[in-house]
Amino acid sequence: MTPIPSNDDVDSQHQSSIADTRRESQEFPLRFIGCCGAYCRTCGVLKEGVCKGCKLGYGNGERDIAKAKCAMKVCCFKDRHLETCADCAEYSECERIQTFHSHEGYKYKKYKQSIEFIRKNGYPAFLQASENWKGPYGKLERLLPP
Ligand code: SF4
Ligand code: SF4
């Protein structure tokens, strides 16, 4: 019979998965930016282990990209081998991403802002500006050009 894990075991597995996430975010920082601009590294749902993140786990075989359902992820990460839609030459005309970013709701505007910030300022500036965010989006204005 499989032993039932104790609360201490679960806690220690959780701590070790947080440590893995931290290590991975240092080694592959761009993997933590969702194709649409949602920032997985600072998202509480990823930290809690409820969500696997947009692009994590495909490189080491934990997940199969052939099973990805999000049309943006399939187009951007699977088919075009891009990190985010910010890298795409068709971004401005792409109905898929523009429709997603136009959805009702504050977060969609913020994801769009992240993608447009990356297009203007590059990934290093984005990683720096988002360092202390507490969720999948946050303030970016301070590094935008005057
Ligand atoms: S909506 Fe799609 S592209 Fe955006 S984070 Fe989720 S899976 Fe990734
Ligand atoms: S902007 Fe549109 S076409 Fe370009 S990678 Fe994203 S979803 Fe695909």
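Scroll up for the structure.
Every value quoted in this text rests on a predicted model; they were computed, and no experiment measured them.

Student: Any chance you could explain the site of ligand 2 here in plain terms?
Tutor: Around ligand 2, the surrounding shell consists of M72, C75, C76, R80, L82, C85, C88, E90, Y91, C94, R96 and I97. Breaking the shell around ligand 2 down by element, the ones donating at least two residues are α3 (71-79) and α4 (95-101). Here the shell around ligand 2 is built from residues that sort into nine nonpolar, no polar and three charged.

Student: Which parts of the structure should I look at to understand the nonpolar core?
Tutor: Core analysis: the largest hydrophobic core is formed by 23 residues, its most contacted members being C35, C36, A38, Y39, C40, M72 and C85. Listed by contribution, the elements that provide at least two residues to this core are α3 and α5 (106-121). Here this core takes four residues from α5, the largest share from any one element. Those residues in contact with C85 that sit more than four places away from it in its chain are C35, C36, M72, C76, Y91, I97 and I115.

Student: Got a minute to help me understand α5 in this structure?
Tutor: In an α-helix, one full turn covers 3.6 residues, which means residues spaced three or four apart are oriented alike. Compared with the 22 Å implied by 1.5 Å per residue over 16 residues, the 22 Å span of α5 between its first and last C-alpha is a close match. Residues of α5 that are buried: Y111, K112, S114, I115, F117 and I118. Lining the buried residues of α5 we find α4 and α6 (123-129). Where α5 terminates, the next one or two residues include G122, which has phi positive at roughly 90°.

Analysis parameters
Residues numbered from 1 in each chain as written. Chains lettered and ligands numbered in written order. Predicted model: local features only at pLDDT ≥ 70, side-chain atom pairs only at ≥ 80, totals over all residues. Near = placed C-beta within 6 Å. Helix = DSSP H or I, 4+ residues; strand = E, 2+ residues; numbered from the N terminus. Nonpolar A, V, L, I, M, F, W, Y, C, P; charged D, E, K, R; others polar. Core = buried A, V, L, I, M, F, W, Y, C linked by C-beta atoms within 7 Å. Buried ≥ 20, exposed ≤ 12 C-beta atoms within 10 Å, placed from the backbone. Contact = placed C-beta atoms within 7 Å. Expected span 1.5 Å × (residues − 1).

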